[in-house]
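Fold and contact review
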Amino acid sequence: MSITTPDVSSIVREKYGEAARRVLEANESAAAGCCGPVNSCCGGAAFNGTVDPITSNLYVNGETDELPNAAVLASLGCGNPTALAELREGEVVLDLGSGGGIDVLLSARRVGPTGKAYGLDMTDDMLALAKRNAAEAGVTNVEFLRGRIEEIPLPSNTVDVIISNCVINLSGDKRRVLAEAFRVLKPGGRFAVSDVVVRGEVPADVRRSMELWVGCVAGALEEQEFRTLLAENGFTDIDIEPTRLYKGDDARVFLQDAGINVDANLAEIDGKFMAAFVRATKPAGEHAVVTPVTKRRPLDQAAPAADACCGPDCCP
(Lines give C-alpha, C1' and ligand atoms only; values in the text may rest on other atoms or scores of the structure.)
Protein backbone atom coordinates (compact mmCIF):
# COMPACT_ATOMS: atom_id res chain seq x y z
CA MET A 1 0.00 0.00 0.00
CA SER A 2 1.45 3.31 -1.03
CA ILE A 3 1.05 5.97 1.68
CA THR A 4 0.81 9.53 0.40
CA THR A 5 0.79 12.75 2.41
CA PRO A 6 -2.89 13.58 1.69
CA ASP A 7 -3.94 10.08 2.82
CA VAL A 8 -2.06 10.41 6.10
CA SER A 9 -3.24 13.97 6.75
CA SER A 10 -6.91 13.31 6.08
CA ILE A 11 -7.00 10.12 8.14
CA VAL A 12 -5.12 11.73 11.03
CA ARG A 13 -7.54 14.67 10.96
CA GLU A 14 -10.52 12.31 10.99
CA LYS A 15 -9.20 10.12 13.82
CA TYR A 16 -8.11 13.02 16.03
CA GLY A 17 -11.39 14.81 15.45
CA GLU A 18 -13.14 11.65 16.61
CA ALA A 19 -10.89 11.58 19.69
CA ALA A 20 -11.83 15.17 20.57
CA ARG A 21 -15.52 14.43 20.16
CA ARG A 22 -15.22 11.36 22.40
CA VAL A 23 -13.61 13.46 25.13
CA LEU A 24 -16.38 16.03 24.92
CA GLU A 25 -19.00 13.28 25.01
CA ALA A 26 -17.26 11.62 27.97
CA ASN A 27 -17.23 14.91 29.89
CA GLU A 28 -20.91 15.48 29.16
CA SER A 29 -21.71 11.91 30.21
CA ALA A 30 -19.73 12.32 33.43
CA ALA A 31 -21.64 15.51 34.19
CA ALA A 32 -24.84 13.49 33.77
CA GLY A 33 -23.54 10.84 36.16
CA CYS A 34 -22.42 8.12 33.75
CA CYS A 35 -19.31 7.03 31.89
CA GLY A 36 -18.48 7.57 28.22
CA PRO A 37 -15.82 6.11 25.93
CA VAL A 38 -12.48 7.87 25.64
CA ASN A 39 -10.01 7.25 22.84
CA SER A 40 -6.64 5.79 23.64
CA CYS A 41 -3.25 6.72 22.18
CA CYS A 42 -2.98 8.74 19.02
CA GLY A 43 -6.42 8.09 17.60
CA GLY A 44 -6.48 4.38 18.32
CA ALA A 45 -9.42 2.22 19.33
CA ALA A 46 -11.85 3.30 22.01
CA PHE A 47 -10.46 2.86 25.50
CA ASN A 48 -11.32 -0.62 26.77
CA GLY A 49 -10.11 -0.37 30.36
CA THR A 50 -6.51 -1.44 29.73
CA VAL A 51 -3.49 0.76 30.41
CA ASP A 52 -2.14 2.05 27.11
CA PRO A 53 1.64 1.40 26.99
CA ILE A 54 2.30 4.63 25.08
CA THR A 55 0.12 7.23 26.77
CA SER A 56 0.01 6.07 30.38
CA ASN A 57 1.81 7.78 33.29
CA LEU A 58 3.39 10.61 31.31
CA TYR A 59 2.78 13.43 33.79
CA VAL A 60 4.01 13.51 37.38
CA ASN A 61 1.63 13.62 40.31
CA GLY A 62 0.06 17.04 40.75
CA GLU A 63 1.30 18.41 37.42
CA THR A 64 -2.14 18.43 35.82
CA ASP A 65 -4.22 19.12 38.92
CA GLU A 66 -5.06 22.67 37.86
CA LEU A 67 -6.00 21.72 34.30
CA PRO A 68 -9.51 20.90 33.03
CA ASN A 69 -10.31 17.19 32.96
CA ALA A 70 -10.98 17.38 29.21
CA ALA A 71 -7.41 18.58 28.56
CA VAL A 72 -6.02 15.59 30.44
CA LEU A 73 -8.38 13.11 28.76
CA ALA A 74 -7.45 14.45 25.30
CA SER A 75 -3.73 13.93 25.88
CA LEU A 76 -2.74 11.46 23.15
CA GLY A 77 1.02 11.88 23.37
CA CYS A 78 3.96 9.64 24.21
CA GLY A 79 5.95 11.89 26.55
CA ASN A 80 6.07 15.07 28.61
CA PRO A 81 7.97 17.63 26.52
CA THR A 82 7.08 20.59 28.73
CA ALA A 83 9.01 19.08 31.63
CA LEU A 84 12.03 18.01 29.58
CA ALA A 85 12.32 21.22 27.54
CA GLU A 86 13.35 23.36 30.55
CA LEU A 87 11.10 26.26 29.62
CA ARG A 88 12.03 29.67 31.03
CA GLU A 89 10.11 32.72 32.15
CA GLY A 90 9.22 35.02 29.24
CA GLU A 91 9.87 32.54 26.42
CA VAL A 92 7.65 31.99 23.36
CA VAL A 93 6.73 28.33 22.89
CA LEU A 94 5.08 26.57 19.94
CA ASP A 95 3.44 23.15 20.31
CA LEU A 96 3.19 21.30 16.99
CA GLY A 97 -0.03 19.28 16.90
CA SER A 98 -1.37 20.66 20.16
CA GLY A 99 -4.55 18.56 20.35
CA GLY A 100 -6.65 19.29 23.43
CA GLY A 101 -4.04 21.77 24.66
CA ILE A 102 -2.54 20.03 27.71
CA ASP A 103 1.08 20.81 26.78
CA VAL A 104 0.21 24.35 25.71
CA LEU A 105 -1.43 25.04 29.06
CA LEU A 106 1.49 23.51 30.96
CA SER A 107 3.93 25.54 28.85
CA ALA A 108 1.98 28.76 29.47
CA ARG A 109 2.29 28.14 33.19
CA ARG A 110 6.06 27.60 32.92
CA VAL A 111 6.83 30.68 30.78
CA GLY A 112 4.64 32.90 32.95
CA PRO A 113 2.66 36.03 32.08
CA THR A 114 5.57 37.59 30.19
CA GLY A 115 5.81 34.56 27.91
CA LYS A 116 3.41 33.02 25.42
CA ALA A 117 2.44 29.53 24.29
CA TYR A 118 1.08 28.80 20.80
CA GLY A 119 -0.71 25.60 19.87
CA LEU A 120 -0.93 24.52 16.22
CA ASP A 121 -3.44 21.90 15.11
CA MET A 122 -5.32 20.98 11.92
CA THR A 123 -8.35 19.43 13.61
CA ASP A 124 -11.26 21.80 14.18
CA ASP A 125 -12.72 19.69 17.01
CA MET A 126 -9.38 19.60 18.83
CA LEU A 127 -8.96 23.37 18.42
CA ALA A 128 -12.44 23.95 19.82
CA LEU A 129 -11.67 21.64 22.74
CA ALA A 130 -8.31 23.33 23.40
CA LYS A 131 -9.82 26.82 23.41
CA ARG A 132 -12.52 25.67 25.79
CA ASN A 133 -9.91 24.11 28.06
CA ALA A 134 -7.84 27.33 28.09
CA ALA A 135 -10.89 29.39 28.98
CA GLU A 136 -11.88 26.96 31.74
CA ALA A 137 -8.33 27.03 33.14
CA GLY A 138 -8.26 30.84 33.00
CA VAL A 139 -5.01 30.82 31.01
CA THR A 140 -4.66 33.96 28.88
CA ASN A 141 -1.09 33.80 27.51
CA VAL A 142 -2.01 31.17 24.92
CA GLU A 143 -3.12 31.22 21.29
CA PHE A 144 -4.34 28.29 19.22
CA LEU A 145 -3.66 28.36 15.48
CA ARG A 146 -5.30 26.34 12.73
CA GLY A 147 -2.78 24.96 10.27
CA ARG A 148 -0.43 22.20 9.22
CA ILE A 149 2.86 21.43 10.93
CA GLU A 150 4.35 21.32 7.42
CA GLU A 151 3.26 24.97 6.90
CA ILE A 152 3.57 26.76 10.24
CA PRO A 153 1.54 30.01 10.12
CA LEU A 154 4.10 32.11 12.01
CA PRO A 155 6.86 34.47 10.80
CA SER A 156 10.49 33.36 10.71
CA ASN A 157 12.67 33.75 13.82
CA THR A 158 9.80 34.28 16.27
CA VAL A 159 9.78 31.23 18.60
CA ASP A 160 12.18 30.37 21.42
CA VAL A 161 11.18 26.72 21.85
CA ILE A 162 9.32 24.20 19.70
CA ILE A 163 7.71 21.28 21.50
CA SER A 164 5.56 18.43 20.20
CA ASN A 165 4.11 15.30 21.72
CA CYS A 166 3.95 12.24 19.48
CA VAL A 167 2.89 14.19 16.36
CA ILE A 168 5.88 14.54 14.02
CA ASN A 169 5.80 10.78 13.43
CA LEU A 170 2.30 11.25 11.97
CA SER A 171 3.46 13.60 9.20
CA GLY A 172 3.95 12.29 5.69
CA ASP A 173 6.64 14.94 5.04
CA LYS A 174 8.91 15.05 8.06
CA ARG A 175 11.69 16.87 6.20
CA ARG A 176 9.29 19.75 5.59
CA VAL A 177 8.21 19.76 9.25
CA LEU A 178 11.81 20.07 10.43
CA ALA A 179 12.56 22.77 7.84
CA GLU A 180 9.59 24.78 9.06
CA ALA A 181 10.58 24.27 12.68
CA PHE A 182 14.05 25.60 11.91
CA ARG A 183 12.59 28.59 10.07
CA VAL A 184 10.31 29.82 12.85
CA LEU A 185 12.84 29.32 15.65
CA LYS A 186 14.87 32.33 16.73
CA PRO A 187 18.67 32.03 16.41
CA GLY A 188 19.69 29.95 19.40
CA GLY A 189 16.15 28.56 19.65
CA ARG A 190 15.53 25.03 20.90
CA PHE A 191 13.78 22.05 19.31
CA ALA A 192 12.53 19.84 22.16
CA VAL A 193 9.97 17.22 21.20
CA SER A 194 8.71 13.85 22.38
CA ASP A 195 8.21 11.37 19.56
CA VAL A 196 8.08 7.66 18.82
CA VAL A 197 11.42 6.59 17.32
CA VAL A 198 12.52 3.29 15.76
CA ARG A 199 15.82 1.49 16.37
CA GLY A 200 16.60 -0.76 13.40
CA GLU A 201 14.34 -2.46 10.88
CA VAL A 202 10.69 -3.36 11.50
CA PRO A 203 8.38 -5.74 9.56
CA ALA A 204 6.93 -4.40 6.32
CA ASP A 205 3.39 -5.22 7.49
CA VAL A 206 3.75 -2.73 10.32
CA ARG A 207 5.04 0.02 8.04
CA ARG A 208 2.22 -0.55 5.58
CA SER A 209 -0.55 -0.37 8.16
CA MET A 210 -2.33 2.97 8.00
CA GLU A 211 -4.07 2.20 11.29
CA LEU A 212 -0.69 1.90 12.97
CA TRP A 213 0.48 5.08 11.23
CA VAL A 214 -2.36 6.97 12.86
CA GLY A 215 -1.54 5.08 16.08
CA CYS A 216 1.92 6.70 16.29
CA VAL A 217 3.92 3.65 15.27
CA ALA A 218 4.27 3.01 11.54
CA GLY A 219 5.23 6.61 10.71
CA ALA A 220 8.05 6.80 13.25
CA LEU A 221 11.50 7.74 12.00
CA GLU A 222 14.46 5.47 12.51
CA GLU A 223 16.84 6.99 15.08
CA GLN A 224 19.76 7.72 12.74
CA GLU A 225 17.40 9.00 10.03
CA PHE A 226 15.95 11.49 12.55
CA ARG A 227 19.46 12.73 13.38
CA THR A 228 20.32 13.05 9.70
CA LEU A 229 17.18 15.03 8.83
CA LEU A 230 17.74 17.43 11.73
CA ALA A 231 21.37 18.03 10.66
CA GLU A 232 20.42 18.49 7.00
CA ASN A 233 17.96 21.18 8.03
CA GLY A 234 20.62 23.12 9.92
CA PHE A 235 20.15 21.92 13.51
CA THR A 236 23.10 21.31 15.83
CA ASP A 237 23.53 19.80 19.33
CA ILE A 238 21.29 16.90 18.30
CA ASP A 239 20.44 14.36 20.98
CA ILE A 240 17.88 11.55 21.14
CA GLU A 241 17.19 10.33 24.66
CA PRO A 242 14.96 7.25 25.16
CA THR A 243 12.24 7.87 27.74
CA ARG A 244 10.26 4.63 27.37
CA LEU A 245 11.12 1.41 25.55
CA TYR A 246 8.20 -0.63 24.20
CA LYS A 247 8.58 -4.37 24.72
CA GLY A 248 6.84 -7.16 22.83
CA ASP A 249 3.97 -7.38 25.30
CA ASP A 250 3.35 -3.64 24.93
CA ALA A 251 3.24 -4.04 21.16
CA ARG A 252 0.74 -6.90 21.34
CA VAL A 253 -2.21 -4.55 22.00
CA PHE A 254 -1.68 -2.22 19.06
CA LEU A 255 -0.74 -5.09 16.73
CA GLN A 256 -4.00 -6.89 17.48
CA ASP A 257 -6.03 -3.69 17.10
CA ALA A 258 -4.50 -3.16 13.64
CA GLY A 259 -5.18 -6.73 12.50
CA ILE A 260 -1.48 -7.65 12.35
CA ASN A 261 -0.40 -11.26 12.97
CA VAL A 262 0.92 -10.97 16.54
CA ASP A 263 2.86 -14.24 16.67
CA ALA A 264 4.59 -13.56 13.35
CA ASN A 265 5.76 -10.04 14.25
CA LEU A 266 6.14 -9.80 18.02
CA ALA A 267 9.76 -10.96 18.26
CA GLU A 268 10.81 -8.64 15.43
CA ILE A 269 9.23 -5.62 17.15
CA ASP A 270 10.43 -6.27 20.70
CA GLY A 271 12.49 -3.27 21.81
CA LYS A 272 12.50 -1.64 18.36
CA PHE A 273 10.08 1.19 19.21
CA MET A 274 10.70 3.77 21.90
CA ALA A 275 9.33 7.05 23.12
CA ALA A 276 12.21 9.49 22.97
CA PHE A 277 12.97 13.10 23.79
CA VAL A 278 14.59 14.72 20.76
CA ARG A 279 16.70 17.83 21.36
CA ALA A 280 18.37 20.12 18.84
CA THR A 281 19.36 23.79 18.52
CA LYS A 282 19.14 26.41 15.78
CA PRO A 283 22.64 27.95 15.78
CA ALA A 284 22.92 31.55 16.91
CA GLY A 285 23.23 33.89 13.93
CA GLU A 286 21.10 31.72 11.64
CA HIS A 287 18.32 33.74 10.01
CA ALA A 288 17.13 31.53 7.17
CA VAL A 289 16.01 27.95 6.78
CA VAL A 290 18.57 25.66 5.17
CA THR A 291 16.06 23.58 3.26
CA PRO A 292 13.97 25.86 0.98
CA VAL A 293 10.23 25.83 1.60
CA THR A 294 7.52 26.98 -0.74
CA LYS A 295 5.23 29.91 0.00
CA ARG A 296 2.81 29.03 2.77
CA ARG A 297 -0.88 28.93 1.94
CA PRO A 298 -3.19 31.28 3.91
CA LEU A 299 -5.23 29.33 6.43
CA ASP A 300 -8.52 30.52 4.97
CA GLN A 301 -7.56 29.41 1.45
CA ALA A 302 -8.64 25.98 0.27
CA ALA A 303 -5.89 23.44 -0.27
CA PRO A 304 -5.32 22.13 -3.81
CA ALA A 305 -6.71 18.72 -4.66
CA ALA A 306 -3.31 17.06 -4.35
CA ASP A 307 -3.03 18.17 -0.73
CA ALA A 308 -6.63 17.99 0.39
CA CYS A 309 -6.39 18.73 4.07
CA CYS A 310 -6.37 21.75 6.33
CA GLY A 311 -3.49 20.52 8.50
CA PRO A 312 -2.99 20.13 12.28
CA ASP A 313 -0.86 16.54 17.40
CA CYS A 314 -0.71 12.86 20.09
CA CYS A 315 -0.29 11.45 19.02
CA PRO A 316 0.13 12.86 18.64
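Residues numbered from 1 in each chain as written. Predicted model: local features only at pLDDT ≥ 70, side-chain atom pairs only at ≥ 80, totals over all residues. Heavy atoms only, no water.

Description of the packing of aromatic side chains
- Tallied over the full model, the rule gives two aromatic pairs.
- Measuring from centroid to centroid gives 5.1 Å for F182 and F235, while their planes differ by 90 degrees, and the two rings are edge-to-face. In this pair, F182 is assigned in helix 6 (residues 174-184) and F235 in the loop between helix 9 (223-232) and strand 7 (236-246), connecting sequence segments 53 residues apart. With respect to class, F182 is no different from F235; both count as buried.
- Geometrically, the ring pair formed by F191 and F235 is tilted, given 5.4 Å between the ring centres and 50 degrees between the ring planes. With F191 in strand 5 (residues 185-198) and F235 in the loop between helix 9 and strand 7, the pair connects residues that are 44 residues apart, well separated along the chain. Both residues of the pair, F191 and F235, belong to the buried class.
- Counting every residue linked through ring pairs, the aromatic cluster contains F182, F191 and F235. (Phe/Tyr/Trp six-rings, centres within 6.5 Å; stacked < 30°, edge-to-face > 60°. Helix = DSSP H or I, 4+ residues; strand = E, 2+ residues; numbered from the N terminus. Buried < 20%, exposed > 50% of the residue type's maximum accessible area, 1.4 Å probe, protein only.)

So, the side chain of K282
- The residue K282 is located in the segment after strand 8 (273-281) in this model.
- K282 sits in the buried class, given a relative accessible area of 0%.
- A distance of 2.8 Å separates the side chain of K282 from the backbone oxygen of L185, its partner in a polar contact.
- With residues up to four places along the chain from it excluded, the contact list for K282 reads N157, F182, R183, L185, K186, P187, G188, G189 and F235. (Polar contact = N/O pair within 3.5 Å; in protein donor to acceptor, adjacent residues only side chain to side chain. Contact = heavy atoms within 4.5 Å.)

Examining unusual backbone geometry
- One non-glycine residue, E86, lies in positive phi territory at about 55 degrees.
- Mapping E86 onto the fold places it in the loop between helix 3 (81-84) and strand 1 (92-96).
- Given a relative accessible area of 56%, E86 falls into the exposed group.
- Notably, D237 is not glycine yet its phi reads approximately 50 degrees, a positive angle.
- Turning to its location among the elements, D237 is positioned in strand 7.
- Overall, D237 belongs to the exposed group, its relative accessible area being 58%.

Here's the deal with the pattern of salt bridges
- Counting across every chain of the model gives 13 salt bridges.
- Linking E91 and R88 is a salt bridge whose minimum nitrogen-to-oxygen distance equals 3.7 Å.
- Of the residues examined, E91 reaches a relative accessible area of 8% and is grouped as buried.
- When its relative accessible area of 46% is taken as the criterion, R88 is described as partly exposed.
- Each member of the salt-bridge network shares a partner with another, and the members are R88, E91 and R190. (Salt bridge = Lys/Arg side-chain N within 4 Å of Asp/Glu carboxyl O.)

A word on the confidence of the model for the chain
- Of the residues in the chain, 62% reach a pLDDT of 70 or more, and the chain-wide mean stands at 73.
- Considering only residues more than four positions removed or in separate chains, one finds that residues 1-6, a stretch of pLDDT under 50, has 14 contacts. (pLDDT = per-residue confidence, 0-100.)

Re the side chain of E150
- Considering the arrangement of structural elements, one finds E150 in the loop between strand 3 (142-146) and strand 4 (159-164).
- Relative accessible area serves as the criterion here: at 4%, E150 is assigned to the buried category.
- A distance of 2.5 Å separates the side chain of E150 from the side chain of S171, its partner in a polar contact.

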